Amino acid sequence: MNKIEISTVIYSGENALDRLSHFENHNVFIVADPFIIKSKMIELIEKQLKKGNNKWTSFSDILPDPPIENVVAGVEEIAQFEPDLIIAIGGGSAIDAAKAMKEFASRIYKYEDLPLIAIPTTSGTGSEVTSFSVITDSEKGVKYPLVSNSLLPEEAILDTNLVKTVPKQITADTGLDTLTHAIEAYVAKNANDFSDAFAEKAIHLVFENLVDAYNDGENALAREKMHHASTMAGIAFNIAGLGINHSIAHSCGAKFKISHGRLNAILMPSVIAFNAGIQGNTNIDLKPAAAKYAQLSRLLGLPATNNASGTRSLIKEIKRLKSNLNIEESFKEFHVEYTASILEEIAQLSLQDSCTTTNPTHTETENIITILRELM
Ligand SMILES: NC(=O)c1ccc[n+]([C@@H]2O[C@H](COP(=O)([O-])OP(=O)(O)OC[C@H]3O[C@@H](n4cnc5c(N)ncnc54)[C@H](O)[C@@H]3O)[C@@H](O)[C@H]2O)c1
Ligand SMILES: [Zn+2]
């Protein structure tokens, strides 16, 4: 039996931020990416909240790949301020931090009703519509994806104007994170017609718009399409789950200082080849996932006379997209430290990661080590 729940209410399009003016007399705890304060984008939120006579305070000590310490500090501030509404505005890091703060504050202080409104300012994670929050234990060098329905934001506001300032490199990284979400969801064990529909649309939108958004950040249409793609990919993987691309990215993310999206992008061609059971021009042991990858190639108009050639076409197209976005093909350029024991640890952590449970192809420690060694 499949349960398909898409419960976050989405406001999008011109003036989507007006939604905030409908809240009246609330105590609002705003979790904001530091960029949102520095760039004064926060004033757009404050202007709307003022209309409804709301009170607010802002927490903006958010680091990328938010560490546990960010969450603990936020929970303490929530206890003091006693909000009845949380607004998270920023990239996936700010939204994930807010989701974890809400979760722990609600559990510890027994808040029954503390709605969360997520306003993404990057087009990548889809966190505004997912029940995931990824928190980092910097001391242990481990990233933990928390998964619970209680982490789902009640509302998401998609305003394209907020993403126009995203720099080129972050546009590329986050856009490829979206592509990874959609492709992983498409082949995931729990994929179904509903998640496929969102994943297919998101994949089309990425291939059609990411390079344009990268080349010209002011291209409103490309930005809008990428913003929608990110949320759609989020809906897809929230239904279907992800796979080892994300498990390995989480495990490497706390060890190598490379952004989440870029890690996914570097890993993606090798992970697809492994999941499909192909290597170069050889079909080692073709796996069922190859049929899904080939199906994607057909949808994208790429050559796919059989499942193996279709998978190869998809990999080639992803490599072409990455090259247009100046993304590295391997970890070589990053000079990361990778002793045998570090690779073993990354592989073990990846297998324990919750995303591995929905990967389409059975994975062992040595498979992950092989994928990583090929990219080192
Ligand atoms: N919860 C989920 O479902 C989910 C899914 C995928 C990834 N993640 C997590 O999300 C995090 C990554 O999020 P991200 O890729 O959005 O990056 P991010 O939130 O870390 O932001 C990256 C950088 O972009 C800046 N930034 C944000 N908005 C901007 C804007 N409008 N203009 C200019 N700069 C801006 C930030 O200040 C930061 O320096 C990782 O921790 C990852 O593990 C979560
Ligand atoms: Zn991701």
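As the structure is a prediction and not an experimental result, all values here were calculated from the model. (Residues numbered from 1 in each chain as written. Chains lettered and ligands numbered in written order. Predicted model: local features only at pLDDT ≥ 70, side-chain atom pairs only at ≥ 80, totals over all residues. Heavy atoms only, no water.)

### A short note on the coordination of the zinc ion (ligand 2)
Phase 1: For the zinc ion (ligand 2), every protein donor is listed as Asp177 (OD), His181 (NE2), His246 (NE2) and His260 (NE2), and the spread of their distances is 2.1 to 2.2 Å.
Phase 2: Around the zinc ion (ligand 2), the 4 donor atoms sit at angles spanning 88 to 170 degrees, and that spread fits a shape best called irregular.
Phase 3: Along the chain, the residues that donate to the zinc ion (ligand 2) are spaced as D-x3-H-x64-H-x13-H. One end of the pair, His181, is in helix H5 (residues 168-187); the other, His246, is in helix H8 (residues 244-253), with 65 residues separating them in the sequence.
Phase 4: On the accessibility criterion, His181 (3% relative accessible area) is buried. (Donors = N, O, S within 2.8 Å, 3.2 Å for Na, K, Ca; no water. Tetrahedral: all angles 85-135°; square planar, octahedral: opposite > 155°, others 65-115°. Helix = DSSP H or I, 4+ residues; strand = E, 2+ residues; numbered from the N terminus. Buried < 20%, exposed > 50% of the residue type's maximum accessible area, 1.4 Å probe, protein only.)

### Digging into the packing of H8 against helix H13 (residues 365-375)
Phase 1: It is the contact of H8 with H13, at a shortest axis distance of 12 Å, that shows an interaxial angle of 70 degrees. Taken together, the axis directions place H8 and H13 in an arrangement best described as roughly perpendicular. The two elements H8 and H13 meet at a crossing, and its hand is right-handed. In this structure, H8 contributes Ile244, Ile248 and Cys252 to the contact, and H13 contributes Ile368, Ile371 and Leu372. (Axes fitted to C-alpha atoms, helices over the stretch in contact; angles between N-to-C directions. Parallel < 35°, antiparallel > 145°, perpendicular 65-115°, else oblique. Left-handed = near helix turned anticlockwise from the far one by under 90°. Contact = heavy atoms within 4.5 Å.)

### Section: the domain arrangement of the chain
Note on interface size: it is often stated as the accessible area lost on association of the parts.
Phase 1: Domain annotation of the chain identifies domain 1 (9-162) and domain 2 (168-375).
Phase 2: Of note, the centres of domain 1 and domain 2, computed from C-alpha atoms alone, are 27 Å apart.
Phase 3: With 26 residues of domain 1 at the interface, the matching set in domain 2 holds 27 residues.
Phase 4: Between domain 1 and domain 2, a total of about 2,100 Å² is buried, with carbon and sulfur atoms accounting for 59% of that surface.
Phase 5: Run the count over domain 1 and domain 2 and you get 0 salt bridges.
Phase 6: In this structure, the connection of domain 1 to domain 2 is made through 9 residue pairs in polar contact (both at pLDDT 80 or more).
Phase 7: Broken down by secondary-structure element, the contributors of at least two residues to the side of domain 1 that touches domain 2 are strand E1 (9-12), strand E6 (132-137) and strand E7 (142-147).
Phase 8: When residues of the side of domain 1 that touches domain 2 are assigned to their parent elements, the largest contribution, 4 residues, is made by E7. (Domains from an automatic or database assignment. Buried area = accessible area lost by both parts, 1.4 Å probe. Salt bridge = Lys/Arg side-chain N within 4 Å of Asp/Glu carboxyl O. Polar contact = N/O pair within 3.5 Å; in protein donor to acceptor, adjacent residues only side chain to side chain.)

### What to know about the packing of aromatic side chains
Ring pairs (aromatic) are described by centroid distance and by the angle formed between their planes.
Phase 1: This structure, assessed with the given rule, holds 3 aromatic pairs.
Phase 2: Aromatic side chains Phe29 and Phe59 sit 6.3 Å apart centroid to centroid with 40 degrees between the ring planes, which places their arrangement in the tilted category. Pair noted here: Phe29 is in strand E2 (residues 27-32) and Phe59 is in strand E3 (residues 55-59), with a separation of 30 residues, a long-range link. Considered together, Phe29 and Phe59 belong to a single accessibility category, that of buried residues.
Phase 3: Here Phe256 and Phe331 contribute two aromatic rings whose centre-to-centre distance is 5.7 Å and whose plane-to-plane angle is 70 degrees, an arrangement assigned as edge-to-face. (Phe/Tyr/Trp six-rings, centres within 6.5 Å; stacked < 30°, edge-to-face > 60°.)

### Topic: the pattern of salt bridges
Phase 1: Overall, the coordinates contain 11 salt bridges when judged by the stated rule.
Phase 2: In this structure, Arg262 engages Asp173 in a salt bridge whose closest nitrogen and oxygen atoms are separated by 2.7 Å. One end of the pair, Arg262, is in helix H9 (residues 260-276); the other, Asp173, is in helix H5, and 89 residues separate them in sequence.
Phase 3: The partner of Lys255 in a salt bridge is Glu345, with the nearest N and O atoms 3.2 Å apart. Placement of the pair is Lys255 in the loop between H8 and H9 and Glu345 in helix H12 (residues 340-352), with a sequence separation of 90 residues.
Phase 4: On the basis of relative accessible area, Glu345 is assigned to the partly exposed category, the value being 35%.
Phase 5: One continuous salt-bridge network, built from bridges that share partners, spans Asp173, Arg262 and Glu328.

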